[in-house]
Amino acid sequence: MELYVLGNISAEEKLQVEDMAAKYPAVKAEITEIEKSMELYAEAHAVEPSEHLRNRVLSSLVVNLGDDKTFSKSVTHDDDDNIAVLPVARVNSFYKYAFAACLTLLLVSIYGLVNLYSKLQDSNIQLTALQLDKQRFANQVNLMDSQLDIYRDTTYKVLRLKGMPKNPTAAMILAWNAVSKKVMVDMQSIKLPKHDTQHQYQLWALVKGKPVDMGVFNAPAADTAGVKEMKSIASADAFAVTLEPMGGSINPTMDQLVVIGKF
């Protein structure tokens with residue numbers, strides 16, 4: 001989705017994203033959030049070079065070059081021979097100033113590179129976060145598609161399990177396919193009481209009045225989406241859920257019956 005917002009995808013991929021956004025409001029909303037996030041990120045990270053810092057760098061390069069002078073010294077001897085006086089070589093101050101200027105330019109360039117590297121690091125972190133969000137969103141879309149496929153498939157029978165008198169608000173939805181023998185629990189529809197870490201919920205199929213173990217599951221988190229496939233069964237008259245010790249039980253604990261539903 002981030003690549004779509006940035007315009008860095010092919011025309012075919014763009015059409016696929018737009019088609020998905022038209023079908024699923026959640027996808028369209030995610031695209032809008034990504035656009036807002038990128039705008040806020042760009043505004044928040046717009047940095048102008050600090051004039052104060054630049055002045056500090058330039059001030060640190062002040063070099064006391066002094067005044068260049070030419071000194072000459074006469075060499076005298078006790079004898080009458082006159083010795084020619086050799087002047088001391090004059091130092092060209094141009095090279096000193098040129099060196100100071102080059103050093104200033106080097107330090108300013110290093111500061112710019114460090115600042116640029118820091119920005120690139122921040123951008124990479126932000127890009128990684130966006131990619132993780134993209135993957136998470138793609139997984140959610142895939143789970144939603146799987147869930148919708150179940151409700152579209154006419155070979156599935158959808159059953160609503162209702163709460164017992166001691167838990168009247170408990171409820172959940174499952175789908176059973178008599179052809180493929182699959183049993184799928186709609187995890188997003190589950191409204192069961194919370195349990196401790198020593199217990200799990202166990203699904204049972206009632207076949208001619210006898211309970212058949214269909215597997216265990218935990219009460220999902222609030223943001224859980226998708227479906228959970230349980231054990232397969234060829235026929236069933238009803239389904240029920242009980243609260244059992246961790247790992248499940250051989251037979252259901254009837255006083256811990258939470259929800260039940262019949263065809």
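Read on for an overview of the structure. (Residues numbered from 1 in each chain as written. Predicted model: local features only at pLDDT ≥ 70, side-chain atom pairs only at ≥ 80, totals over all residues. Heavy atoms only, no water.)

### Considering the overall build of the chain
Right, on to step 1. Assigned secondary structure in the chain consists of five helices and eight strands.
Right, on to step 2. Counting from the amino terminus, the chain carries its helices and strands in the arrangement α-α-α-α-α-β-β-β-β-β-β-β-β.
Right, on to step 3. The buried share among the 263 residues of the chain stands at 24%.
Right, on to step 4. For the chain, the proportion of contacts with a sequence separation of at least 24, taken over those separated by at least 6, is 60%.
Right, on to step 5. Accessible surface for the chain amounts to roughly 18400 Å². Of this, 57% is attributable to carbon and sulfur atoms. (Helix = DSSP H or I, 4+ residues; strand = E, 2+ residues; numbered from the N terminus. Buried < 20%, exposed > 50% of the residue type's maximum accessible area, 1.4 Å probe, protein only. Contact = heavy atoms within 4.5 Å. Areas by Shrake-Rupley, 256 points an atom, 1.4 Å probe, with all protein chains shown as cover.)

### What about the packing of aromatic side chains?
Right, on to step 1. Inspection of the entire model under this criterion finds three aromatic pairs.
Right, on to step 2. For the pair Trp176 and Phe263, a centre-to-centre distance of 5.6 Å together with 45 degrees between the ring planes defines the contact as tilted. Placement of the pair is Trp176 in strand β2 (residues 171-177) and Phe263 in the segment after β8 (257-262), with a sequence separation of 87 residues.
Right, on to step 3. Take Trp176: its relative accessible area is 5%, and that puts it in the buried class.
Right, on to step 4. Measuring from ring centre to ring centre gives 6.1 Å for Phe239 and Phe263, while their planes differ by 80 degrees; the resulting arrangement is edge-to-face. Linking Phe239 in strand β7 (residues 238-245) with Phe263 in the segment after β8, this pair joins segments that are 24 residues apart in sequence.
Right, on to step 5. Phe263 sits in the partly exposed class, given a relative accessible area of 43%.
Right, on to step 6. Grouping aromatic residues by their ring pairs yields a cluster made of Trp176, Phe239 and Phe263.
Right, on to step 7. Just above the ring of Phe263 sits the side chain of Lys157; from NZ or CZ to the centre is 5.8 Å. (Phe/Tyr/Trp six-rings, centres within 6.5 Å; stacked < 30°, edge-to-face > 60°. Lys NZ or Arg CZ within 6 Å of the ring centre and 35° of its normal.)

### Some details on the sheet that holds β2
Right, on to step 1. In space, the eight strands of this open sheet follow the order β5-β4-β7-β8-β1-β2-β3-β6, with antiparallel pairing throughout. The strands lining the two open edges of the sheet, one partner per strand, are β5 (210-217) and β6 (227-229). Within the sheet, the average angular offset between the axes of one strand and its neighbour, ignoring direction, is 25 degrees.
Right, on to step 2. Summarising the sheet, β2 and strand β3 (residues 183-191) pair through five bridges and their orientation is antiparallel. The residue bridging Trp176 from the neighbouring strand is Val183, located in β3. (Pairing = 2+ DSSP bridges. Axes fitted to C-alpha atoms, helices over the stretch in contact; angles between N-to-C directions.)

### Let's talk about the pattern of salt bridges
Right, on to step 1. Under the definition given, this model contains two salt bridges.
Right, on to step 2. Two residues, Asp19 and Lys23, come together in a salt bridge whose shortest N-O distance is 3.5 Å. In this pair, Asp19 and Lys23 are both assigned in helix α2 (residues 11-23), four residues apart and thus about one turn of the helix distant.
Right, on to step 3. Exposure remark for Lys23: the relative accessible area of 56% places this residue in the exposed category. (Salt bridge = Lys/Arg side-chain N within 4 Å of Asp/Glu carboxyl O.)

### Describing the pairing of strand β1 (residues 156-163)
Right, on to step 1. Of the pairings in the sheet, the one linking β1 to β2 comprises seven bridges and is antiparallel in character. The residue of β2 that forms the bridge with Lys157 is Trp176.
Right, on to step 2. Of the pairings in the sheet, the one linking β1 to β8 comprises two bridges and is antiparallel in character. If you follow Gly163 over to β8, its bridge partner there is Val259.

### Considering the nonpolar core
Right, on to step 1. Met172, Leu192, Leu203, Phe217, Phe239 and Val241 are the most contacted members of the largest nonpolar core, which totals 24 residues.
Right, on to step 2. For this core, the secondary-structure elements that each account for two or more residues are β1, β2, β3, β4 (199-207), β5, β7 and β8.
Right, on to step 3. Considering each element in turn, this core owes the most residues, four residues, to β3.
Right, on to step 4. Val17, Ala21, Val27 and Ile31 belong to the second-largest nonpolar core, a separate cluster that totals five residues. (Core = buried A, V, L, I, M, F, W, Y, C linked by side-chain atoms within 4.5 Å.)

No statement about biological role is implied by the geometric values presented.
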